[in-house]
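Each chain, written out:
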Amino acid sequence: MRYRLRKNYWNSYWSVIDLRTGRPTIVDGFAADCLTDEEANYMVDLMNLQELPHGNAPKPSRRHTGIRFYRKHHEGWNA
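Let me begin by describing the structure that accompanies this report. (Residues numbered from 1 in each chain as written. Predicted model: local features only at pLDDT ≥ 70, side-chain atom pairs only at ≥ 80, totals over all residues. Heavy atoms only, no water.)

Topic: the side chain of N8
Its place among the elements puts N8 in the loop between β1 (3-7) and β2 (14-18). Using a relative accessible area of 4% as the deciding quantity, one classes N8 as buried. Within the structure, the side chain of N8 is placed 3.5 Å from the side chain of N11, a separation counted as a polar contact. With residues up to four places along the chain from it excluded, the contact list for N8 reads Y13, W14, S15 and C34. (Helix = DSSP H or I, 4+ residues; strand = E, 2+ residues; numbered from the N terminus. Buried < 20%, exposed > 50% of the residue type's maximum accessible area, 1.4 Å probe, protein only. Polar contact = N/O pair within 3.5 Å; in protein donor to acceptor, adjacent residues only side chain to side chain. Contact = heavy atoms within 4.5 Å.)

Considerations on the pairing of β2
Counting buried residues along β2, four of its five residues qualify, which places the element largely inside the surrounding structure. Two strands pair when backbone bridges link them, and β1 and β2 are joined in this way by five bridges, in the antiparallel orientation. Looking at the pairing, K7 lines up with W14 of β2. Counting the residues in the hairpin turn of β1 and β2 gives six residues. As paired strands, β2 and strand β3 (residues 23-24) are joined by two bridges and run antiparallel to one another. Paired with I17 across the strands is P24, a residue of β3. Counting the residues in the hairpin turn of β2 and β3 gives four residues, including G22, whose phi is positive at 80°. (Pairing = 2+ DSSP bridges.)

Let's talk about the sheet that holds β1
Two strands in a sheet stick together by hydrogen bonds in their backbones, pointing the same way (parallel) or opposite ways (antiparallel). Taken together, the three strands give an open sheet; going across it, the order is β1-β2-β3, and neighbouring strands pair in antiparallel fashion. Edge positions in the sheet fall to β1 and β3, since each has one partner strand and no second.

Description of the pattern of salt bridges
The tally for this structure, following the rule as stated, stands at three salt bridges. Its salt-bridge partner being E51, residue R2 comes within 3.6 Å of it at the nearest N-O pair. Taken together, the residues R2 in the segment before β1 and E51 in helix α1 (residues 37-51) connect sequence positions 49 residues apart. With relative accessibility at 21%, the residue R2 sits in the partly exposed group. Taking the relative accessible area as the measure of exposure, E51 reaches 36% and is therefore partly exposed. (Salt bridge = Lys/Arg side-chain N within 4 Å of Asp/Glu carboxyl O.)

Nothing here speaks to function; it is all geometry.
Listed below in structure tokens is the structure:
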């Protein structure tokens, strides 16, 4: 998961933190901080869900694994 919650130490609000940067997440030009508990939980769930690979998302090519696959015709295969 890329995003998590952090409670603001100076007030009772929450921030959505991007674990890659360690800073509050920027959404449409605004920092995702000073959120209520309910808002922050909802936002972090949505943002982490958005990061998950979906069935229709492009999948990485096999060649990126360091193994090369060559198309070979094998007898008996209907390719």
